[in-house]
Amino acid sequence: MLLEHRPIAVGVDGSAASLGAVRWAADEAARQGRVLRIVHALSWEGPADGQGLVLDAAAEARAWQPGIAVETMTTGGAPAHVLREQSRTAALVVIGGRVHDGGLLDVSVGAHLSGFAHCPVLVVNNGWRWADPLAALPAAGPVVVGVDGSPSSERALAFGYGEAASRHVPLLAVHAGRSRPHAAVAAGLEPWLRRHPEVETRFDGRDTGVLETLTEAARSALMLVVGAHRVGWYEQPRPNPVTQLVVHHAAAPVMVTRSV
């Protein structure tokens, strides 16, 4: 499938968290000019009316972002497997995380997808907040990008700048640990600063661990973006266990990027 024809796929299960994910996915579809594909995995423990569920989600998406093209599908299988298969032809897979109301698409599915999906994954942690009109959201918060100078970090910056520019918010590049000098990582941002002068950019280098640093930065972020890291020369890019812990623990939505 040609890259420009890849849809934005979002998994739904009827929970408030997945409704928040639908709204995020609809925003991405509108921003990127892509079709929104709403997917429900039929499993023995899920709701019986899967078709009604995806149609309701489609109505919500069209109300949230009028004018986007929406398609729906229901298919048998475990949510993690179904959405991983969707990632083969999608530009982005979106899923609600940190479920508080009994939904099936909990953050463990997001952590699995962040490790094994074939395209970028957006885990909308605390997704119920984006479905609650009374919730306080960090609408003007920065897009936080974890950087370390690696190729996966460069991909994360590309996604991060795209999100920050389209949402008119600042970008905060965060480097954790002591594996590389903070100054060297900060210097690597120079090409991005020239490429995106319209985005207010800050750099923050901390000697604390990656998990602690990124989850702290995510508390006031609109979104946290991290790259998929190759764990072996013979394997496909996938996040290391620390990245999956970030997906579990960050309060903000987490995008795990990879090439598609």
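Residues numbered from 1 in each chain as written. Predicted model: local features only at pLDDT ≥ 70, side-chain atom pairs only at ≥ 80, totals over all residues. Heavy atoms only, no water.

Along the backbone of the protein chain there are nine helices and ten strands. Looking at the protein chain residue by residue over its 260 residues, the buried ones come to 51%. Taking as baseline every contact in the protein chain between residues at least 6 positions apart, the subset at least 24 positions apart corresponds to 77%. In the form shown here, the protein chain has an accessible surface area of approximately 11,400 Å², with 55% of it arising from carbon and sulfur atoms. (Helix = DSSP H or I, 4+ residues; strand = E, 2+ residues; numbered from the N terminus. Buried < 20%, exposed > 50% of the residue type's maximum accessible area, 1.4 Å probe, protein only. Contact = heavy atoms within 4.5 Å. Areas by Shrake-Rupley, 256 points an atom, 1.4 Å probe, with all protein chains shown as cover.)

What follows deals with the pairing of strand 2 (residues 36–42). Buried residues dominate strand 2, accounting for six of its seven residues. Taken together, strand 1 (residues 8–11), helix 1 (residues 16–32) and strand 2 form a β-α-β motif whose crossover is right-handed. Pairing between strand 2 and strand 3 (residues 70–76): seven bridges, direction parallel. Bridging across to strand 3, Ala-41 finds its partner in Thr-75. (Right-handed = clockwise from strand over helix to strand, strands pointing away. Pairing = 2+ DSSP bridges.)

Leu-36, Ile-38 and Val-94 are the most contacted members of the largest nonpolar core, which has 42 residues in total. When residues in this core are grouped by element, the largest group, six residues, is from helix 1. Setting aside residues no more than four positions away along its own chain, Val-94 makes contact with Ile-8, Ala-9, Val-10, Gly-11, Ala-21, Ala-25, Leu-122 and Val-124. If you look at the next biggest cluster of nonpolar residues, it comprises 31 residues, including Leu-83, Ile-95, Ala-252 and Val-256. (Core = buried A, V, L, I, M, F, W, Y, C linked by side-chain atoms within 4.5 Å.)

Residue position: Gln-65 is located in the loop between helix 2 (50–64) and strand 3. For Gln-65, a relative accessible area of 22% puts it in the partly exposed group. Along the primary structure Gln-65 and Asp-27 are separated by 38 residues, whereas in three dimensions their C-alpha atoms are 6.8 Å apart. Excluding anything up to four places from it in sequence, Gln-65 contacts Ala-26, Asp-27 and Ala-30.

Another point: the environment of Leu-122. With respect to the helices, strands and loops of the structure, Leu-122 is situated in strand 5 (residues 121–125). On the accessibility criterion, Leu-122 (0% relative accessible area) is buried. On a C-alpha basis, the gap between Leu-122 and Trp-24 in space is 9.0 Å, while along the polypeptide they are 98 residues apart. Ignoring any residue separated from it by four or fewer positions in sequence, one finds Leu-122 in contact with Trp-24, Leu-92, Val-93, Val-94, Ile-95, Met-223, Pro-253, Val-254 and Met-255.

Below, the discussion takes up the environment of Thr-75. By secondary structure assignment, the location of Thr-75 is in strand 3. With 33 residues separating them in the primary sequence, Thr-75 and Leu-42 have C-alpha atoms 5.7 Å apart. Residues in contact with Thr-75, not counting those within four places in the same chain, are His-40, Ala-41, Leu-42 and Val-82.

Another aspect to go through is the sheet that holds strand 3. One open sheet holds the ten strands; their spatial order is 3-2-1-4-5-10-9-6-7-8, and the pairing between them is mixed. Single-partner strands in this sheet number two, and they are strand 3 and strand 8 (201–206). Neighbour-to-neighbour, the strand axes of this sheet turn through a mean angle of 20 degrees, independent of strand direction. Where strand 1 meets strand 4 (residues 92–97), three bridges bridge the pair, whose relative direction is parallel. (Axes fitted to C-alpha atoms, helices over the stretch in contact; angles between N-to-C directions.)

For helix 3 (residues 79–86), the set of buried residues is Pro-79, Ala-80, Val-82, Leu-83 and Gln-86. One face of helix 3 carries all of its buried residues, which in axial projection span an arc of 165 degrees. (Arc of directions from axis to C-beta.)

Bear in mind that shape data such as this cannot, by itself, settle questions of function.
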